[in-house]
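# Structure at a glance
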Amino acid sequence: MRRMLIVGAGQSGLQLALGLQAHGYDVTLMSNRTADEIRTGRVMSTQCMFHTALQHERDLEINFWEEQAPRILGLGVSVAGPVTPLGHPRLVDWLGRLNGYAQSVDQRLKMAGWMEAFERRGGRLVVHGAAVSDLNFLAERYDLVLVAAGKGELGSLFRRDAARSPYTTPQRALAVAYVHGLAPRLEHPGLEAVRCNMVPDVGELYIMPALTTSGRADILFWEAIPGGPADVFQGVTDPSEHLALTLELMEWFTPWEYGRATRVELTDAGGTLSGRYAPTVRDPVGRLPGGGLVLGVADVVVTNDPLTGQGSNSAAKCAASYLASIVEHGDRPFDEAWMRRTFERFWATARHVTKWTNAMLAPPPEHIVRLLGAAGQLPAVAHRFVNGFDDPADFEHYFYEPDKTAAFLEEAEAGATGDPEAPEAMGTDPADDPAEETAGEAAGQVG
């Protein structure tokens, strides 16, 4: 029986451990915290997972919370216009339907539950914050060592890949608050949806339904441009102050969202999170002082900004890809050549996430402004854009190049027949908003 060591008990590490376990491997998992410490600790992410990533969990029969978590059926985009005496109006607002529902399960619930399942199924759990010296000692005792925790010293094992990493500094300052008491969107009160609110020169506010340790909740997630007016969370440690700042920013920059947040309260004392990091791709093979090799997993080697909600999705896809590569390799040695082939197999998918996310971090070019505006009038455009969150490879066909965007919009306009079976997109009724521009006119003011 082949012996595997996985360092890190996040989405990728635990999913891979449970998958290898199901295939009969002898798996040891190292975590720096116990299941109880994770469950009662601070929130770790926003983790909205789309259909493909959720299917990887179903395939392993570890989708333990699927029946309890809200089913997210749509994703909406709003764009704020220039400030007025009453604040920022909405210039663009629409909702696109997902082909398969998404879900967000608080990782405190998921990781703790998966860790307990791993132990129940006979897995060996070691609670220890691993250092390079630990791996140097352990590497020769295992057939393969996978590193799925890249903070601190372990991250130094994997060199930055400059050719695949255009940014050297953080492009957003992140601030998350889990809340109870958020009212539904008036435009679609019976439909669960992620709402992406873009505020030019300020950042983005995401709002998403979730399942947390105390039940149904919503996540308020600011992605602030560093140094901008929403970059106010650095050094804030009090959860109540964090929430107050979140709401103040909502009241001024996204008043249409603030109106349903006036009665919210934090889900628990650990329901806030803030930070920032530079998106980075790293060499996947780490070399230990003693000469042993380790393979980096998921965001240890491909770290994207959470702007496009791809972190846990990419982690699930990486775990599934690595699992397939390991099982297919049989009894052969896990040498450096195999490690690099295994990463490149994952990178074939991950590169689309990195390209799209990095593009979204920059001010939108004119053709993307037109695309987002047109989505409010053309359901096919909204539908295709939101389903790219599940399959970012599709953006290659219409998103990055102006001529491809123009061709797509022309095709969508030609196909706009008013068919009641067409994918749904909601536009804002100008009577409900201070901005009276149509989506097409308003789009020209974005960015």
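Above this text is the structure in question.
Anyway, here's the lowdown on the structure attached to this text. These numbers were taken from a predicted model, which means no experiment stands behind them. (Residues numbered from 1 in each chain as written. Predicted model: local features only at pLDDT ≥ 70, side-chain atom pairs only at ≥ 80, totals over all residues. Heavy atoms only, no water.)

Applying the stated rule across the entire model yields 18 aromatic pairs. Judged by centre distance (6.3 Å) and plane angle (70 degrees), the rings of F343 and F346 are edge-to-face. With a gap of three residues between them, F343 and F346 both fall in helix α9 (residues 336-361), about one helical turn apart. Judged by relative accessible area, F346 falls into the buried class, the value being 3%. Among the aromatic residues, ring-to-ring pairing joins F50, W94, W356, F385, F389, F395, Y398, F399, Y400 and F408 into one connected group. The ring of F137 has R141 lying over it, and the distance from NZ or CZ to the ring centre is 3.8 Å. Residue placement shows R384 over the ring face of F408; its charged tip is 4.9 Å from the ring centre. (Phe/Tyr/Trp six-rings, centres within 6.5 Å; stacked < 30°, edge-to-face > 60°. Helix = DSSP H or I, 4+ residues; strand = E, 2+ residues; numbered from the N terminus. Buried < 20%, exposed > 50% of the residue type's maximum accessible area, 1.4 Å probe, protein only. Lys NZ or Arg CZ within 6 Å of the ring centre and 35° of its normal.)

Our next topic: the nonpolar core. In terms of nonpolar packing, the biggest core is built from 66 residues, with L20, L135 and Y322 touching the most fellow members. Apart from residues lying up to four places away in sequence, Y322 is in contact with L16, L146, L295, G296, V297, T342, F343 and F346. If you look at the next biggest cluster of nonpolar residues, it comprises 45 residues, including Y167, C196, F385 and Y400. (Core = buried A, V, L, I, M, F, W, Y, C linked by side-chain atoms within 4.5 Å. Contact = heavy atoms within 4.5 Å.)

This next bit is on helix α1 (residues 11-22). The periodicity of an α-helix, 3.6 residues per turn, causes residues three or four positions apart to be oriented the same way. Look at α1: 16 Å from first C-alpha to last across twelve residues, which is about the 16 Å you get at 1.5 Å a residue. Counting buried positions along α1 yields eleven of twelve residues, so the element is predominantly enclosed. Taken as a whole, α1 has its buried residues at Q11, S12, G13, L14, Q15, L16, A17, L18, G19, L20 and Q21. Following α1 by one or two positions, G24 adopts a phi angle in the positive range, close to 90 degrees. (Expected span 1.5 Å × (residues − 1).)

All right, on to the environment of A173 then. Among the structural elements, A173 can be located in strand β8 (residues 173-180). Between the alpha carbons of A173 and I368 there is a distance of 23 Å; along the sequence they are 195 residues apart. Contacts of A173, omitting those with residues within four sequence positions, involve W222, E223, A224, P226, D231, G275 and R276.

Attention now moves to the pattern of salt bridges. Per the stated rule, a full pass over the model turns up 33 salt bridges. Its salt-bridge partner being E257, residue R185 comes within 3.0 Å of it at the nearest N-O pair. Note that R185 is positioned in the loop between β8 and β9 (193-199) and E257 in helix α7 (residues 255-258), a separation of 72 residues in sequence. Here R185 and E257 have matching classes, each one buried. Two residues, R340 and E336, come together in a salt bridge whose shortest N-O distance is 3.1 Å. Highlighted residues: R340 and E336, both in helix α9, separated by four residues, approximately one helical turn. (Salt bridge = Lys/Arg side-chain N within 4 Å of Asp/Glu carboxyl O.)

The end-to-end C-alpha distance of helix α12 (residues 402-414), which contains 13 residues, comes to 18 Å, matching closely the 18 Å that a straight helix rising 1.5 Å per residue would cover. All of the buried residues along α12 are T405, F408, L409 and A412. Viewed along the axis of α12, the buried residues span an arc of 95 degrees, placing them on a single side of the element. α12 presents D403, E410, E411 and A414 as exposed residues on the side facing more than 90 degrees away from its buried surface. (Arc of directions from axis to C-beta.)

One way to put it is that α1 packs onto helix α4 (residues 107-120) with a least axis distance of 10 Å and a crossing angle of 25 degrees. Considering their axes alone, α1 and α4 lie roughly parallel with respect to each other. You can see that α1 and α4 cross each other, and the crossing is left-handed. Judged by residue contacts, Q11, L14, Q15, A17, L18 and Q21 of α1 engage Q107, K110, M111, W114, M115, A117 and F118 from α4. Partitioning the contact of α1 with α4 into residue classes produces eight nonpolar, four polar and one charged. (Axes fitted to C-alpha atoms, helices over the stretch in contact; angles between N-to-C directions. Parallel < 35°, antiparallel > 145°, perpendicular 65-115°, else oblique. Left-handed = near helix turned anticlockwise from the far one by under 90°. Nonpolar A, V, L, I, M, F, W, Y, C, P; charged D, E, K, R; others polar.)

Right, let's talk about the packing of helix α3 (residues 51-59) against helix α8 (residues 311-329) for a bit. Between α3 and α8, the least distance of the axes is 9 Å, while the angle of their chain directions is 45 degrees. One element, α3, and the other, α8, form an angle in the oblique class. Viewed along their axes, α3 and α8 form a crossing whose handedness is left-handed. Along the contact surface, α3 presents T52, A53 and H56, while α8 presents N313, A316, K317 and A320. Its residues assigned to classes, the contact of α3 with α8 comprises three nonpolar, three polar and one charged.

Strand order in the open sheet formed by six strands is β6-β2-β1-β7-β16-β15, with mixed pairing between adjacent strands. The open sheet has two edge strands, β6 (124-127) and β15 (285-287), and neither has a second partner. Between one strand and the next, the sheet's axes are offset by a mean angle of 25 degrees, whatever the strand orientation. (Pairing = 2+ DSSP bridges.)

This paragraph deals with the pairing of strand β10 (residues 203-212). Among the ten residues in β10, ten count as buried, and that is most of the element. Residues G203, L205, I207, P209 and L211 point to one face of β10 and E204, Y206, M208, A210 and T212 to the other, with burial holding for every one of them. Relative to β10, β9 runs antiparallel, the two sharing five bridges. Within β10, the residue paired with C196 across the bridge is Y206. As consecutive antiparallel partners, β9 and β10 are separated by three residues, and within that stretch D201 has a phi angle of approximately 70 degrees, a positive value. The sheet contact formed by β10 and strand β11 (residues 215-224) spans ten bridges and is antiparallel. Paired with E204 across the bridge in β11 is E223.

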